[in-house]
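# Structural overview
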Amino acid sequence: VQDEELAYIQNLSGLTLLELGHTNISDEGMQYVSGLTNVRRLNLNGSAVGDEGLSYLTDLNRVEELILNRTQVSDEGLSFIQHMTSLTYLDLWMLNVSDEGMQYLAGFTNLTELGIEDTQIGDEGLRYLAGMSQLRDLNLENNDITDAGLAWLANLTNLAVLNLDDTYITEAGLAALAGLSNLSELSLPLQIGPDGLNYLRNSASLEKLISQRVGLRPLSIAITGGGRPLPGAHFSLKGNPGDGNQD
């Protein structure tokens, strides 16, 4: 699909789903989307759309699912979607967005799933997630996040799935997750070892731990230490080939 071909759909005002992922659409083509105000799902995954392209979306107020991963969108572009407060699903994977751009997400209080992995955000950017009380699935993988950032997640009590892989949190930082009573799946970075699991002992809802740490035995010792296993917990190891024995 090319930019000029979108002219054929610009008058289809009843469209609710628009899949433009992995196409040749760029900023120029987005002008033909500007009047499609009934769109509920917009997928731009892997397209050439950038900040200018999102500026054409200011009249789209009913979007519930927006997929921007691997586009050219940056912090400025997020300012053009801050009015989309009906969003329940937002994917920003591999975007050049930072803490500055995160401020434009603060009003997305209806979000239930947010993917911001492989971006440039840090601890300061997480403050804008604090009001997303409906959030159930949050992916923060491969960002410059430390223990200080986890404090902003403490009140997200509906959170069920949390990915902290390839972040800079420490074992002590896991204490901030103690109040997440619905957390059922947690992905941890390499540096979290057996001692860190002590902070999760009272997490009755936790069912799945995913870790890059090689060696199931030391992790198992931590989780069953003292005869008190974490209820329902099991492990999935993500060690790379050649990392060692995972018996």
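Residues numbered from 1 in each chain as written. Predicted model: local features only at pLDDT ≥ 70, side-chain atom pairs only at ≥ 80, totals over all residues. Heavy atoms only, no water.

This paragraph deals with the side chain of Asn-45. With respect to the secondary-structure elements, Asn-45 resides in the loop between strand S2 (41-43) and helix H1 (51-54). A relative accessible area of 12% places Asn-45 in the buried class. With residues up to four places along the chain from it excluded, the contact list for Asn-45 reads Gly-21, His-22, Ile-67, Asn-69 and Arg-70. (Helix = DSSP H or I, 4+ residues; strand = E, 2+ residues; numbered from the N terminus. Buried < 20%, exposed > 50% of the residue type's maximum accessible area, 1.4 Å probe, protein only. Contact = heavy atoms within 4.5 Å.)

When strand S7 (residues 161-163) meets strand S8 (residues 185-188), the two strands line up parallel, connected through three bridges. Bridging across to S8, Asn-163 finds its partner in Ser-187. As judged from the four bridges shared by S8 and strand S9 (residues 208-211), these two strands associate in the parallel manner. Note that in S9 the partner of Leu-186 across the bridge is Leu-209. (Pairing = 2+ DSSP bridges.)

So, on to unusual backbone geometry. Backbone geometry places His-22, a non-glycine residue, at a positive phi of 55°. Inspection of the secondary structure puts His-22 in the loop between strand S1 (17-19) and S2. The phi dihedral of Met-94 falls on the positive side, at around 60°, and the residue is not glycine. Locating Met-94 in the fold gives a position in the loop between strand S4 (89-91) and helix H3 (99-102).

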